[in-house]
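Here are the chains, one letter per residue:
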Amino acid sequence: MSFKNAMQATQKSILQYAKQGQPYEVLAAVLAARQFNTSITETDLQSEAGKKRQLKVNYYAPICTDDGVGDENICDPGTVIEPKQVFFEISRTTASAVYQLNRDDVRNVDGNYTFSDHAKAAINAALPAVRRKLATEVANLLVSGVGLLPDGNEDKMLPFLDKTTGTINPMGLWEIERIYRDSGFSNPFIVGGTDVFHWRKAIEVSGTNDQGQNISQMGRSNAYYDNLVNDAFADTATEHILTFDPQMLKFVSYNRNAGIFATDVQNIDAIDAIYQRGGTDYIQGVMADPVTGLLWDLNVNYDKCNYRWTFQWKLEWDIFFMPPSVCNISGVNSVFHFTTCAPTQFECPAGGTPITGGTSDTYEWDTNGEVTFPLYINKLELAGQTSYPNTTVADVTELKDLMNDNVTGYVFGVDTTKVNYTGYSELAGQINDATDISFTAAP
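Residues numbered from 1 in each chain as written. Predicted model: local features only at pLDDT ≥ 70, side-chain atom pairs only at ≥ 80, totals over all residues. Heavy atoms only, no water.

Structural notes on the sheet that holds strand β23 (residues 428–431)
Here's step 1: A sheet is described by the order of its strands in space; here four strands give the open sequence β19-β18-β23-β24, paired in antiparallel fashion. Because the sheet does not close on itself, it has two edges, and the strands there are β19 (385–387) and β24 (435–438). Geometrically, the sheet is characterised by an average inter-axis angle of 15° between neighbouring strands, direction not taken into account.
Here's step 2: Sheet topology note: the β23/β24 ladder contains four bridges and is antiparallel. Looking across to β24, one finds that I431 is bridged to T435.
Here's step 3: Each of β18 (380–382), β19, β23 and β24 touches helix α8 (residues 396–406); the most contacted strand, β18, lies at about 70° to it. (Pairing = 2+ DSSP bridges. Helix = DSSP H or I, 4+ residues; strand = E, 2+ residues; numbered from the N terminus. Axes fitted to C-alpha atoms, helices over the stretch in contact; angles between N-to-C directions. Contact = heavy atoms within 4.5 Å.)

This is the structure we're talking about:
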């Protein structure tokens, strides 16, 4: 045996080794956008701390058609403008797996480390994965909520920069801003893949271009890079960009472990005290994610029979898409989809086929065999809007009227057993969480 092999190995424990992880800017975008939407606050969704509630919002929808000509008699009856209702309820939960710290495993680690030290390290190590899970679910929800562009198209390709030189083309941003201005929306938040990253970096070092334009003035604080957007579209043929008006959606989270529902012991440092006094205590509290600032519910339990601590991160949340506040074609909700050239190291070819406006079509849902009348409707989900009519419809005409009363942005008609509308895309939904609604293009 050599002298070198006879020596003892030294050991060093780095309990806080797991890095805090990526910020996931798609999550940062919806969190930053919260301050612009004051129509809904997180306190609206709870009667008091720890008590989640459904929120009903009454609002007056914009009137988008008017047949007045000027010779009407103001003393004659007019059209009653009635408020509409929309319901919001936090329905999503993101949680980590349940992780475990065994008391006797700590015996095998040298150094002056307490149970609390090990617990904090394990809890922090589990946070990056559950944060990514939340960011992925947010990206998928945004993609599923994409509406139509004002011209009826589902997406539009825009120029942002030369892929080979990094030269910025300001027309990409200007076109987004023009579309938002023309559609009545404002302050677009931009979340996208590689092109957004390169565009932001190019602005940092930019100056005046060959056309005399000061590109450095294009700086935009609400542009976010996150490749989870590309992943959510599941399309590698091109780059994807999502934009939204921050007043038209709202990220809301809710903590169960709040108010009287939080235990007195919430600090992880108290794990040692819990163990020393031989208790079977548990912790139900909240901890802030140091990267995003979000408060997560944290549940920790000590099992004295098996000498172990188990813990789990959990967050209840949702993104609420607001009903239409300006007049556009049906399906326009300010969440727009743009594409750019694929991330390859060559210049995109010039020219191409001009994009024309989308063509409207008639879509219908045949209730025959799907619905039995009279039908009591407690809950209606359609066009991303949820309502609770709590009424009975006697026939397909009354069903059509109910849809018109509860779904903003569409005008429904009826043809024998079929409910129909003229629009630019198909609709799907449910009645009473049981009967599927599926509008398809009429033959």
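From this point, things continue past the structure.
Here's the deal with the pairing of strand β3 (residues 55–59)
Here's step 1: Of the two faces of β3, only one is covered, namely that formed by L55, V57 and Y59; the face formed by K56 and N58 stays uncovered.
Here's step 2: With five bridges connecting them, β3 and strand β4 (residues 84–88) associate as antiparallel partners. Counted as the bridge partner of V57 is V86 from β4. (Buried < 20%, exposed > 50% of the residue type's maximum accessible area, 1.4 Å probe, protein only.)

So, a nonpolar patch on the surface
Here's step 1: On the surface, Y60, I63 and I81 cluster together into a nonpolar patch covering about 340 Å² of accessible area.
Here's step 2: By the element assignment, I81 lies in the loop between β3 and β4.
Here's step 3: Of the residues examined, I81 reaches a relative accessible area of 47% and is grouped as partly exposed. (Patch = residues over 30% accessible without salt bridge, like charges linked within 9 Å, V, L, I, M, F, W, Y side chains within 5 Å. Areas by Shrake-Rupley, 256 points an atom, 1.4 Å probe, with all protein chains shown as cover. Salt bridge = Lys/Arg side-chain N within 4 Å of Asp/Glu carboxyl O.)

Here we look at unusual backbone geometry
Here's step 1: Looking along the chain, the bond that leaves F373 and enters P374 is cis, with omega of -5°.
Here's step 2: If you trace the backbone, P374 turns up in the loop between β16 (361–366) and β17 (375–377).
Here's step 3: We note that S334 has phi near 85°; this positive angle belongs to a residue other than glycine.
Here's step 4: The residue S334 is located in the loop between β14 (308–321) and β15 (336–340) in this model.
Here's step 5: Using a relative accessible area of 0% as the deciding quantity, one classes S334 as buried.
Here's step 6: In the Ramachandran plot, N432 falls in the positive-phi region, its phi being about 55° despite a non-glycine side chain.

Side note on the sheet that holds strand β7 (residues 156–157)
Here's step 1: One open sheet accounts for five strands, arranged β7-β15-β10-β8-β9; its pairing is mixed. Of all the strands in the sheet, just β7 and β9 (223–225) have a single pairing partner and so form its edges.
Here's step 2: Summarising the sheet, strand β8 (residues 189–192) and β9 pair through three bridges and their orientation is parallel. Bridging from a neighbouring strand, V191 pairs with Y224 of β9.
Here's step 3: Where helix α4 (residues 171–183) meets the sheet, its contacts fall on β7, β8, β10 (239–244) and β15, and the angle it forms with β15 comes to roughly 160°.

Describing empty space enclosed by the protein
Here's step 1: Inspection of every chain in the model, using the stated rule, returns one cavity of 30 Å³ or more.
Here's step 2: If you add up the space inside the largest cavity, you get close to 40 Å³.
Here's step 3: L101, A119, I123, I271, V300, W309, T310 and F311 are the residues that line the largest cavity.
Here's step 4: Breaking the lining of the largest cavity down by element, the ones donating at least two residues are α3 (115–144) and β14.
Here's step 5: Top contributing element to the lining of the largest cavity by residue count: β14, with three residues.
Here's step 6: Considering only residue class, the lining of the largest cavity consists of seven nonpolar, one polar and no charged. (1 Å grid on protein atoms, 1.4 Å probe; cavity = no way out; pocket = protein on both sides within 12 Å on 5 of 7 lines; lining within 4 Å. Points joined across faces, edges and corners; volume = space filled by probe spheres on them. Nonpolar A, V, L, I, M, F, W, Y, C, P; charged D, E, K, R; others polar.)

So, the state of the cysteines
Here's step 1: With the rule as written, the count across this model stands at one disulfide.
Here's step 2: One disulfide bridge connects C64 with C327, the sulfur atoms lying 2.0 Å from each other. Handedness here is read from the sign of the S-S torsion; for C64 and C327, about -90°, the answer is left-handed. Taken together, the residues span a long stretch of sequence, with C64 in the loop between β3 and β4 and C327 in the loop between β14 and β15 at a distance of 263 residues.
Here's step 3: A relative accessible area of 45% places C64 in the partly exposed class. (Disulfide = S-S within 2.5 Å.)

Re the nonpolar core
Here's step 1: Residues V26, V138, F244, F251, V300 and I319 are the most contacted members of the largest nonpolar core, which totals 48 residues.
Here's step 2: Secondary-structure elements contributing two or more residues to this core are α2 (25–33), α3, β8, α6 (228–233), β10, β11 (249–254), β13 (295–303) and β14.
Here's step 3: Looking at this core, the element that brings in the most residues is α3, giving 13 residues.
Here's step 4: Judged by nonpolar contacts, the second largest core, of 35 residues, contains F88, F160, I176 and Y254. (Core = buried A, V, L, I, M, F, W, Y, C linked by side-chain atoms within 4.5 Å.)

Some remarks on the packing of aromatic side chains
Here's step 1: Taken as a whole and assessed by the stated rule, the structure comprises 22 aromatic pairs.
Here's step 2: Arranged with centres 5.1 Å apart and planes meeting at 70°, the rings of Y421 and F439 form a pair that is edge-to-face. Taken as a pair, Y421 in strand β22 (residues 418–423) and F439 in the loop between β24 and β25 (440–441) lie far apart in primary sequence, 18 residues in all.
Here's step 3: For Y421, a relative accessible area of 2% puts it in the buried group. (Phe/Tyr/Trp six-rings, centres within 6.5 Å; stacked < 30°, edge-to-face > 60°.)

Examining helix α5 (residues 194–204)
Here's step 1: Taken residue by residue, α5 has D195, V196, W199, A202 and I203 as its buried positions. Projection of α5 onto a plane perpendicular to its axis shows the buried side chains occupying an angular sector of 130°, all on one side.
Here's step 2: On its buried face, α5 is in contact with α4, β8, β9, β10 and β15. (Arc of directions from axis to C-beta.)

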